[in-house]
Amino acid sequence: MNYRQPTTRKSMHATLVQDLGVQIVSGQLAPGQKLPSEASLCEAYAISRPVFREAMRALTAKGLIEARPRVGTLVRPRHDWHMLDPDVLHWLMQATPQQEFFNMLSSVRWVIEPAAAALAATNASADDVDSIAEAYQRMEAARNHEERLQPDLDFHARIADATHNDLLAYLCNMLSMALRESVRYSNQRANFDELALPRHKAILTAIQNGDALGARHASLVQLEDARVALAKVLGQDPTS
């Protein structure tokens, strides 16, 4: 495998972590495959052995590699990767075809967000509800999809916070980078105000009324609408 010599000495550690991380997540370095030797990577990246070992520790902490005595450093199986690690998730977004990644993300959203909306309807304080409503009001006031992006993300993040379940809120927060990319596309459709806004408003209303079942259902409807919007923006058949 050829390694391009970095053009700058700025953070050689980060460069090596980035390059190997992308190669692992993209499949260029397959699970079970041995990484190039320490000597060859140190030479290719003009780095010292301590810097190399620091990079290996970083990749090990992300679940991507493991060192085995008398064998070397191997790529770990995909199910061992820490997918919610921000770097790993970013590399996954880079390495996966766009529609395939968004489909995977949508499936996760279908599992998490309706449950979060239902739990928020049960657990949200008055301040939580006001905060969710404020984000929705900014969505309504936005003049275009660029202005609408952050309020939309805030709307969903504040619902997660309103669950008062730290693990659930953490999961939602770790997916925020991927969600931003998905929402950035889905919000570009021309009829957002006629379709997506009422669906978000239905989630808010159910939470305001403490209606857990209604919040869950409204979230499912909104997610299906987002899936169709995303497919149309990307030129895909939303019925497939």
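Residues numbered from 1 in each chain as written. Predicted model: local features only at pLDDT ≥ 70, side-chain atom pairs only at ≥ 80, totals over all residues. Heavy atoms only, no water.

## Some remarks on the domain arrangement of the chain
Part 1 of the argument: Segmentation of the chain into domains returns domain 1 (10–78) and domain 2 (96–232).
Part 2 of the argument: Taking the mean C-alpha position of each, domain 1 and domain 2 sit 37 Å from one another. (Domains from an automatic or database assignment.)

## Overview of the pattern of salt bridges
Part 1 of the argument: Summed over the entire model, instances satisfying the criterion amount to 14 salt bridges.
Part 2 of the argument: For the salt bridge of Arg-143 with Glu-147, the shortest nitrogen-to-oxygen distance reads 2.5 Å.
Part 3 of the argument: By relative accessible area, which is 70% here, Arg-143 ends up exposed.
Part 4 of the argument: Look at Glu-147 and you get partly exposed, because its relative accessible area is 32%.
Part 5 of the argument: The partner of Asp-225 in a salt bridge is Arg-199, and the shortest N-O contact between them spans 3.8 Å. In this pair, Asp-225 sits in helix H11 (residues 212–233) while Arg-199 sits in helix H10 (residues 192–208), placing the two residues 26 residues apart along the sequence.
Part 6 of the argument: Taking the relative accessible area as the measure of exposure, Asp-225 reaches 10% and is therefore buried.
Part 7 of the argument: Overlapping salt bridges bring together Glu-134, Arg-138, Asp-154 and Arg-158 as one network. (Salt bridge = Lys/Arg side-chain N within 4 Å of Asp/Glu carboxyl O. Buried < 20%, exposed > 50% of the residue type's maximum accessible area, 1.4 Å probe, protein only. Helix = DSSP H or I, 4+ residues; strand = E, 2+ residues; numbered from the N terminus.)

## Side note on the environment of Ala-30
Part 1 of the argument: Here Ala-30 is to be found in the loop between helix H1 (12–26) and helix H2 (38–45).
Part 2 of the argument: Sequence spacing of Ala-30 and Leu-153 is 123 residues, and the spatial spacing of their C-alpha atoms is 35 Å.

## With respect to helix H3 (residues 49–61)
Part 1 of the argument: For H3, with 13 residues, the first-to-last C-alpha span of 18 Å sits near the 18 Å given by 1.5 Å per residue.
Part 2 of the argument: Within the span of H3, buried status applies to Phe-52, Ala-55, Met-56 and Leu-59. Along the axis of H3, the buried positions cluster into a sector of 100 degrees, meaning they face one direction only. When the buried face of H3 is taken as reference, the exposed residues oriented beyond 90 degrees from it are Pro-50, Arg-57 and Ala-61.
Part 3 of the argument: In this structure, the buried residues of H3 make contact with H1, H2, strand E1 (65–68) and helix H4 (86–95).
Part 4 of the argument: Residue Gly-63 follows H3 closely and has a positive phi angle near 80 degrees. (Expected span 1.5 Å × (residues − 1). Arc of directions from axis to C-beta. Contact = heavy atoms within 4.5 Å.)

## As for the nonpolar core
Part 1 of the argument: In this structure, Leu-16, Met-56, Leu-64, Phe-155, Ile-159 and Ile-207 are the most contacted members of the largest nonpolar core, which totals 60 residues.
Part 2 of the argument: By residue number, the principal contributor to this core is helix H5 (residues 98–123), which donates 8 residues.
Part 3 of the argument: The two domains that each donate at least three residues to this core are domain 1 (10–78) and domain 2 (96–232).
Part 4 of the argument: The contacts of Leu-16, once residues within four sequence positions are left out, are Leu-41, Tyr-45, Ile-47, Phe-52, Ala-55 and Met-56. (Core = buried A, V, L, I, M, F, W, Y, C linked by side-chain atoms within 4.5 Å.)

## Section: the environment of Leu-171
Part 1 of the argument: Here Leu-171 lies in helix H8 (residues 166–174).
Part 2 of the argument: Through-space distance from the C-alpha of Leu-171 to that of Ile-112 is 8.6 Å; in sequence the pair is 59 residues apart.
Part 3 of the argument: Beyond its immediate stretch of four places on either side in the chain, Leu-171 contacts Leu-84 and Ile-112.

## A closer look at unusual backbone geometry
Trans is the common state for peptide bonds, and a negative phi is the common state for residues other than glycine.
Part 1 of the argument: In the Ramachandran plot, Ala-46 falls in the positive-phi region, its phi being about 55 degrees despite a non-glycine side chain.
Part 2 of the argument: Tracing the chain through its elements places Ala-46 in the loop between H2 and H3.
Part 3 of the argument: Classification of Ala-46 as partly exposed rests on a relative accessible area of 32%.
Part 4 of the argument: One non-glycine residue, Arg-70, adopts positive backbone phi at about 65 degrees.
Part 5 of the argument: Tracing the sequence through the fold places Arg-70 in the loop between E1 and strand E2 (72–75).
Part 6 of the argument: Arg-70 gets classed as exposed once you look at its relative accessible area, which sits at 85%.

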